[in-house]
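A closer look at the structure
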Amino acid sequence: MQKLLPYAWFGGRCVPFGEATISVATHALHYGTGAFGGMRALPNPADPNEILLFRADRHTRRLSQSARLLLAELPEATVLDAIHQFLQANRPTTPIYLRPFVYTSDLGIAPRLHDIETDFLIYGIELGDYLSPDGVSCRISSWCRQEDRSLPLRGKISGAYITSSLAKTEAVKSGFDEALLLNSRGKVSEASGMNLFMVRDGVLITPGVDQDILEGITRASILELARDMGIPTLERAVDKTELFVADEVFLSGTAARVTPVRRVETTDLSGPRPIMEKLRSALTAITEGRDPAYEHWVTRVPLKG
Ligand code: PMP
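Fair warning: this is a prediction, and the values are worked out from it, not measured in the lab.

1. As for the overall build of the protein
Secondary structure summary: the protein contains 7 helices and 17 strands in total. Computed over the C-alpha atoms, the radius of gyration of the protein is 19 Å, within 12% of the 19 Å expected from 2.2 N^0.38 for a compact globule of 305 residues. Counting only C-alpha atoms and orienting by the principal axes, one finds that the protein spans roughly 50 × 50 × 30 Å. Out of the 305 residues in the protein, the part that is buried amounts to 49%. Partitioning the contacts of the protein with sequence separation of at least 6, the portion at a separation of at least 24 is 70%. Accessible surface computed for the protein: about 13,900 Å², of which carbon and sulfur atoms make up 54%. In the protein, the 34 positive side-chain charges and the 37 negative ones have mean positions that sit 2 Å from each other.

2. Some thoughts on the site of the ligand
Near the ligand lie 15 residues; those nearest to it are Lys156, Tyr161, Ile217, Thr218 and Thr254. The contact in question runs from an oxygen atom of the ligand to an N or O atom on the backbone of isoleucine 217, over 2.7 Å. A distance of 2.6 Å is found between an oxygen atom of the ligand and a side-chain nitrogen or oxygen belonging to threonine 254. Relative to its unbound accessible surface of 380 Å², the ligand loses 96% to contact with the protein. Mapped onto the shell around the ligand, the elements with two or more residues apiece are α5 (217-229) and β14 (248-253). The residue makeup of the shell around the ligand, split by class, is 4 nonpolar, 8 polar and 3 charged.

Conventions we followed
- Residues numbered from 1 in each chain as written.
- Predicted model: local features only at pLDDT ≥ 70, side-chain atom pairs only at ≥ 80, totals over all residues.
- Heavy atoms only, no water.
- Helix = DSSP H or I, 4+ residues; strand = E, 2+ residues; numbered from the N terminus.
- Rg over C-alpha atoms; globule rule 2.2 N^0.38 Å.
- Buried < 20%, exposed > 50% of the residue type's maximum accessible area, 1.4 Å probe, protein only.
- Contact = heavy atoms within 4.5 Å.
- Areas by Shrake-Rupley, 256 points an atom, 1.4 Å probe, with all protein chains shown as cover.
- Lys, Arg positive; Asp, Glu negative; His and termini not counted.
- Charge placed at Lys NZ, Arg CZ, Asp CG, Glu CD.
- Near = heavy atom within 4 Å.
- Polar contact = N/O pair within 3.5 Å; in protein donor to acceptor, adjacent residues only side chain to side chain.
- Nonpolar A, V, L, I, M, F, W, Y, C, P; charged D, E, K, R; others polar.

These figures come from the coordinates and say nothing about function on their own.
Quick look at the structure:
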């Protein structure tokens with residue numbers, strides 16, 4: 001069990017974690033009609049009284065948009081204000097992962113999004129590495145990524161994570177670390193909770209936003225960083241066999257950060273990864289508040305008192 005932070009945001013205020021409880025009849029629990037965010041926050045290595053958030057504006061915007069996809073209203077300012085209060089109450093001393101969640105909070109049955117109450121909560125856990133920074137082995141999942149015509153893929157809709165869960169467990173139970181999902185057209189989409197990149201002949205390639213991916217904030221940041229560094233980038237459909245001949249393959253996500261892929265199915269990919277390493281160390285410096293050129297990607301929250 002991961003270590004939970006002592007306070008949660010629940011019912012519009014910070015309460016001790018144990019008091020943040022919901023009913024067994026909560027609508028979202030049964031129908032998956034919630035949407036969540038996932039953000040890392042870390043004490044500034046140079047000043048522990050300051051908490052650093054990476055691209056907080058992008059994260060709050062995506063959550064607000066996810067709420068809209070559930071026909072609920074959650075202004076970005078409400079999320080940001082709650083996050084600030086949550087950080088003040090918890091005063092984290094180690095890197096944490098914040099999990100804001102908007103959900104249908106009515107009690108009772110009938111899958112729907114109209115005539116229903118919604119609520120918003122946040123809890124947090126301490127989080128170091130989600131996947132091994134030395135690399136993971138990946139299986140091509142027998143489960144396929146959902147399609148946007150049956151589910152809104154531009155939000156982190158909780159019900160959608162049944163596919164991620166099935167794929168991850170299938171991978172782990174068959175001896176791999178992670179799952180790569182193809183989309184319904186047979187192109188590479190993403191991993192169970194991360195976007196995918198590969199490098200071929202010096203070009204950084206990632207499946208485009210038309211490949212049923214979640215539009216990851218780490219993915220967008222890596223693309224922007226690469227362009228700033230002069231690394232050519234391409235967003236396009238990726239075939240499965242390209243992964244077997246790629247020079248580098250890696251995953252990106254808030255929890256996973258930048259994680260190398262060292263094997264796909266039976267193909268070894270443990271060679272040098274100069275482009276991934278360059279991007280990974282640049283991203284680490286930015287998230288730790290050490291790169292003035294990307295200061296606009298960092299929100300600094302001073303802890304009072
Ligand atoms: N795909 C899925 C399905 C995810 O859950 C995540 C994690 N949020 C990602 C990709 C990566 O997105 P981000 O970089 O915004 O964390």
